[in-house]
Each structure stands twice: as structure tokens, then as C-alpha cells.
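An overview of the molecular structure
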Amino acid sequence: MDMLTEFGAARGQAKWSLRAAFRLTGAQRDEAKWGLLFLSPWLIGFALFYFAPMIVSFLFSLYDFVLTAPDEARFVGLENWRRMLAEDPNTWEALFVTFKFALISLPIGMVSAFLLAVLLNSKHLLGRNVLRTLFYAPTMVPLIAAILIWSRVLNPQTGWLNQMIALTGIDAVGMDGLRWLDDPNLIYVAYTFIGLWGIGNAILINLASLQGVPTEMYEAASIDGAGWLRQLWSITVPMVTPVIFYNLVLSVVGLLQYFIVPYVLNGGNGYPEGTTNFYMIYFYKQAFPFQNMGYGATLAWFMFIIGLGITIFLFWSGRFWVYYAGESK
Amino acid sequence: MMAATNVNSTEYELSRRRRDLLLQAAVTLGALVILAVYLMPMAYGVITSLKSKAQTSDPGAPVWPAEAVSYAYEGDDYDVLQVPTESGIRHWALVKKGRRASEFVDPANPAGGLIQWEGNWRQLEPVREFAVQWDNYPRAWQTIDFARLLANTLMYAFVTMIGTVAASSCAAYGFARFNFPFKNVLFMIMIGTIVLPPAVTLVPTYAFFVNVLGWGGTWLPLIVPAMFGNAYNIFLLRQYFLTIPREMEEAAQIDGAGRVRTFVSVILPQAVPALTAVSLFHFFFAWNDFFGPLIYLAGNREANPITVGLTEFNGLYSSETQLILAAAVISMIPPLAIFFLAQRVFIQGIVVTGVDK
């Protein structure tokens, strides 16, 4: 079972009773001891690098605390939170930018991954194994290398993308052509292209899921006169909704932390016209170059709350559109 | 009657086969076209990394790596241009530039002396020949000090790989084989850490590592947390351990092996594919890690990994496209090579985390 399904299963079986822990027999106690012993690396790591820092991070958000002058730190209550939500226009702008980009890049990325998986699963495709490997290859290209290559491919004059588009007769080359990385209207599309070089895992998971769809379903539909498109929409799509859900949850979390592409391309200066002032960029600037630990922690906690909210919403909405085989409605 | 049905069915069989063949050709061709577009930037990166600097910024230059041909005449080098003459296009070296007329020399017949040509030389195309700048690679390697970046990256990747695989497999074994109170709760929390944005724990962790421990500018803040395992790896290994039959462990225990001994000598040897997958995942993660090194190593350029080094290089030498692309190509060779060699284990690992089987 995949991670999110196992998460659901664990939630169903979770026992929160402390009393049960004291009611163990000798053998059970021995087993529990060994189990926790094996688990201890993760338990210690969780306590030290997740649990404690999360609490401290929230405490930091109540302080005015600049790392270069730790002695001047002072308790300000919810002042950072008020400033972030009510005064600082950058917070909302950064959130807006992040959501706008997510609304463009998420559907394109997920639909591309699904359609490529359908293509790579087609029984009419020759050389399937070789093609699958080649379609996965760009995902293995280190992101920084991919960004450096793409930034030149997207060059309006010397880049191959515009030159390829020009072959179709569209006047794309040159300073009044398609300026992918300079035009505020094109910038998210350009970033989405770079992101398409990272959909290999999504393709693979979709593909594995497609291979799990029983062929009898297609045969039955075929006998009933359903065409290819109809079968795709009524059988394939519902059968892969768990995978789409999984990819969606991980993509949303990833997009909230979208940082490397804008940072490598423009150093985080928001070019062009502030369209690339993503939330994580703003958080990075506050927390590290400016060393505003208090305000940085507030921004981070806000990101956590938003991410948690979206994840909970997705899990709730999943009940209506994610199809789990073998589960009766 | 019988004969007629047979003819019909062979005809039907033939047309079905023809249709299948056509469909096969169309689907495969379509896939190849999409693949070509998808991989185009890779080809661009490799080809452009072999061009001269002048060619990378010249929109009129050919797609392949080429250089303008020059010709040495009486001690000086002159550009060879494509000159239209009455006897077709000739390749002549431009010796004396003039606005309305210029003087050329024919490299095939230098003894013939200067040739007058009427027209504007600026409208003439240079003669180019195929010329691959292999030299860009050693130059990029040295300019960026790639050996040092590589050593840093490999050190980080291998040290943390050993630590995270050891810790993750221990924890995974704990989840896979033992019952203890709050096991499901802890398992849920562990999966939950995957969707936790690292930013929320980062600020105090940073303040602690840098201000309290004084680890700023070193790799320690990145190495130490990796020694405690991570949720993806634990999950993947747990799934694999669950498929290993319990009988072998029971046999080992009857032979008197303790829990640790059973884990090390029975479970781990059987989990080699999963351990390989997890090691590879971690290697690629470390090879790509950017944000951590960026903030923790700030101020100590000596310690930079490839990712941060390449980014700085891109900022400093942004006009040297060919060197930047050469460095980018070098940085993608190891992960691509490892992937092509070990794709089966690798792909299996990705599928386990994401598909309900």
C-alpha cells in the first residue's frame, strides 16, 4: 500500500490509551522494549529535529529576535503575527504569487504526467522499455543543471525553444518575440516547463497504477461499445485517482516551498515585476540574509498552517473523488 | 459457403493486422516526437557546451559547433567570407574593408594577389567549419574548481548515506516486526513529517547550530540530522521488510541469535534491493541538496557542494554560456550514469512509496 493509504490505515487502528501500555504481559513488554529500541534512532531524531524545533519556532515567533544581536531579543507577544497578517503587504503578495503559479503549474504537470503514462502504457507502443527510461532521464538531471540549461534554451534570440516555435511560422525569435523569462505573462509558463523535467516520479507512479487496472474492465467496456476516450475517462481516470491524490498532496507541499528555480535564475529579486517573489523566497530573505529569526519563524509557522489546512482539505475532499478499489460505497 | 467464410475471415484478419500496424506506427512516432521535444534542452546543453563563446551569443550562427574560418596572408589573419561572383560563390579572405568595394585574396591562389569586389562586405556570410571546443570542459572544470566541489558533494553524500540507511533500516524493522504501545500513532506522525514544510523547524535549528554550537560554515548541521533516518526511507524499507517471511527469523532465534543479530544477519541480507534503492535515493537527494548548504555554508566557499558552486559560477560568469553549460553537463553525468545502470531497483523503490498494491 502507498504511504497515504497506510497513513489512513494507521489512523483507523491508532490507540491513544496510555492504560494499555501498562497492561502488557512480560513477553509483550519485552517485544515493546525491542521495538522501541529499534525505533529509537528515528524517535530521537524526531524529538530533536522536528518536535522541539517546531515548538521553539512558535516561541521565536513571539519574539523580536535578530540573530546578529541575540542579547537584544525581546518578547513582543503576537506582534509579529499581527504585522505579518495585517501590515506586511509582502506576505500576501508572496502567497498570491505562490498560488497563482501553483494554479498554472500543478494542472499542467499532473495532466502531462498522466497522459505520458497512458502513452508509455499503450500496447501499440514499440520499444516501451527504452522510451520509459528516456522519458524518465530528465528527472535525473540535477535541478541546478536543468535550470542553467533551460535558462539558455528559453533565451529569446539564441535559445532553441523560440527557434523551434519559429519553424512553425510563428514569429517567436528576438526581442519582440517570446521573452519567456522577462515577460510577467510568460514567466509562470517558463517555470512550468522547467518543472516538467521533474515529473518522472509522477509518470512512474501513474504508470504502475495503470498496469494495475484489470484488462477485463476494458474488454467489457469495449463490448459495450465504449470508445478509447470514453474508456480513458470512465475507467482509467477513476482507477488512478489514488495516485493523482498522492501526487497532488506531495506537489502542494512542494510548491509551498518553491525556491530553487527563482533563486538560481534571479537571486530572489522577484524579476520580472515581482512575479517571482514566492513565499519561500520571502521567508528565506527574512530569516537568513536579514537574520530576522522572530519574523522568519512567524512566516514559517504561517506556511505550516496553510500547508496543513490544504492537506486536511485534500484529505476531506478525497472522500468524494478518490476511488479505492475493494472499498464499498 | 465454407470457402467464402474463410476468405472473409482472412481478409478481416489482414485488415485488422494492417490497422494494428498503422496504429503502432502512429503511436510510436507520436511518442518519438514528444520525446524529441522533451529532451531537446539536453541536446541543446551538450551541443552548446561544445561551442565557442562567440558562437553562443550569435543568433545567426549554425546549430552545430562551428567556427569562422580565417586565412593567414602576409603575416595577418583575415576572415574568409562567402563572396558571390560571376562564377558562383567563392570563399575569399577579406583583406581590405571598404564601404562600396573591398579587396579579397583567394586562399586557393594567394599568388594571384588582391581581388577587387564591388559591394558591401557586411552583407557577406562568413565561411564556417565544424569545430568542436572540447577545451571548454577542462576549462570549466578548472575555472569552477570542480574537483573541490565534487569532493565536498561526495563526502556529504556518502557519510549521510551510510548514516541514514543504517538508522532508517533500524526504525523500519521496529515498525515492521514489533508491537508496542502507540505504534500506529507514531507511524502516522512519521508519515506526517513528509508533508511538514522543513521551514517550520529551520529557524530554531539554524540558530542552535550556528549560534550555540558554532557550526556555521561547516557541513555538520547537514550531516548530523541525517544520521537519524528519514520518513521516506523508513516507509520504503518497512514495506520491504513486511514481505520477508517470518520463518527465517524464527529459525535464527531458535538457533540462539538475539534480536540485533537476527536483524543484521537475516533481515538485512534479504533486503539488499530495498537498501540499494534507499541508498540511491539518498545519493540523488544529497547530489541535489541546495537549500541546506546555501544557508549553512554561507561565508565558506571552500566547503561548497556542486549545486551551490554551480549557482555562484553562473552568477559570476553569466556571459560564458559555453563554460556554464559544460559544468552543468559534467554535474549531470554521475546521476544519469547511475540511473541507467541501476534503473530497475530504483524504479521499484519509487513505485512502492506511491502505488497501492
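Here the structure is a predicted model, which means the values were calculated and not measured. (Residues numbered from 1 in each chain as written. Chains lettered and ligands numbered in written order. Predicted model: local features only at pLDDT ≥ 70, side-chain atom pairs only at ≥ 80, totals over all residues.)

Check the secondary structure of chain B and you find 14 helices and 7 strands. Expected size for 357 residues packed as a compact globule is a radius of gyration near 21 Å; at 32 Å, chain B overshoots this value by more than 25%. Counting only C-alpha atoms, chain B reaches 100 × 95 × 35 Å along its principal axes. By the burial criterion, 38% of the 357 residues in chain B qualify as buried. (Helix = DSSP H or I, 4+ residues; strand = E, 2+ residues; numbered from the N terminus. Rg over C-alpha atoms; globule rule 2.2 N^0.38 Å. Buried ≥ 20, exposed ≤ 12 C-beta atoms within 10 Å, placed from the backbone.)

Quick look at the domain arrangement of chain B now. One can read the domain layout of chain B as domain 1 (1-48), domain 2 (70-126) and domain 3 (137-354). Taken over C-alpha atoms, the centre of domain 1 of chain B sits 53 Å from the centre of domain 2 of chain B. (Domains from an automatic or database assignment.)

With that settled, consider the nonpolar core. Grouped together as the largest cluster of nonpolar side chains are 157 residues, with contacts concentrated most on A:Ile203, A:Phe283, A:Ala300, A:Met303, B:Ala327 and B:Ala328. A per-element tally of this core places helix α14 (residues 321-354) of chain B first, with 14 residues. Residues within four places of A:Phe283 in sequence aside, it is in contact with A:Gly296, A:Leu299, A:Ala300, A:Met303 and B:Ala199. (Core = buried A, V, L, I, M, F, W, Y, C linked by C-beta atoms within 7 Å. Contact = placed C-beta atoms within 7 Å.)

What follows deals with the interface of chain A and chain B. Taken together, the contacts link 88 residues of chain A with 80 residues of chain B. Broken down by element, the residue count for the side of chain A that touches chain B peaks at 18 residues, all from helix α3 (residues 26-60) of chain A. Looking at the side of chain A that touches chain B residue by residue, the class counts come to 65 nonpolar, 17 polar and 6 charged. (Nonpolar A, V, L, I, M, F, W, Y, C, P; charged D, E, K, R; others polar.)

A few words on the confidence of the model for chain B. Residues at a pLDDT of 70 or more form 97% of chain B, whose mean pLDDT is 90. Confidence metrics for the complex model read pTM 0.90 and ipTM 0.91. (pLDDT = per-residue confidence, 0-100.)

Looking now at the environment of B:Thr10. Residues and elements named next belong to chain B. Looking at where threonine 10 falls in the secondary structure, it is placed in helix α1 (residues 2-48). What makes threonine 10 exposed here is the crowd of 10 C-beta atoms within 10 Å. With 89 residues separating them in the primary sequence, threonine 10 and arginine 99 have C-alpha atoms 76 Å apart.

All names here are of chain B. Here 5 strands make up an open sheet; going across it, the order is β2-β3-β4-β5-β6 and the pairing antiparallel. The open sheet has two edge strands with one neighbour each: β2 (70-73) and β6 (114-118). When the angles between neighbouring strand axes are averaged without regard to direction, this sheet yields 55°. Strand direction decides the pairing type here: strand β3 (residues 76-85) and strand β4 (residues 88-96), joined by 6 bridges, are antiparallel. Along β4, the bridge assignment pairs proline 84 with isoleucine 89. (Pairing = 2+ DSSP bridges. Axes fitted to C-alpha atoms, helices over the stretch in contact; angles between N-to-C directions.)

Residue and element names in this part refer to chain A. Orientation of helix α5 (residues 89-121) relative to helix α9 (residues 187-196), taken along the N-to-C sense of each, is 40°, at an axis distance of 9 Å. When you trace α5 past α9, the crossing you get is right-handed. Only Tyr188, Val189, Tyr191, Thr192, Gly195 and Leu196 of α9 make contact with α5, whose side of the interface consists of Lys100, Phe101, Ile104, Ser105, Ile108, Gly109 and Ser112. Considering only residue class, the contact of α5 with α9 consists of 7 nonpolar, 5 polar and 1 charged. (Left-handed = near helix turned anticlockwise from the far one by under 90°.)

Turning our eyes to something else, we now look at helix α13 (residues 306-316) of chain B. Counted residue by residue, α13(B) has 8 buried out of 11 residues, so it is predominantly covered. Turning to α13(B), its buried residues number three or more, namely B:Ile306, B:Thr307, B:Val308, B:Gly309, B:Leu310, B:Thr311, B:Phe313 and B:Asn314.

Time to look at unusual backbone geometry. Note that the residue after A:Tyr271, namely A:Pro272, is joined by a cis bond; omega there is -10°. One can find A:Pro272 in the loop between α13 (260-266) and α14 (279-287). The phi dihedral of A:Glu273 is positive, around 50°, even though this residue is not glycine. If you trace the backbone, A:Glu273 turns up in the loop between α13 and α14. Phi at B:Asp145 is positive, roughly 55°, even though this residue is not glycine. With respect to the helices, strands and loops of the structure, B:Asp145 is situated in the loop between α3 (136-143) and α4 (146-177). Taking the C-beta count within 10 Å as the criterion, B:Asp145 has 15 such neighbours and is therefore assigned partly exposed.

Residue and element names in this part refer to chain A. With their axes 9 Å apart at the nearest point, helix α10 (residues 200-211) and helix α12 (residues 228-256) run at an angle of 145° to one another. By crossing handedness, the relation of α10 to α12 is classed as right-handed. Mapping the contact onto sequence places Ala202, Ile205, Asn206, Ser209 and Leu210 in α10 and Thr236, Val240, Val243, Tyr246 and Asn247 in α12. For the contact of α10 with α12, the per-class residue count stands at 6 nonpolar, 4 polar and no charged.

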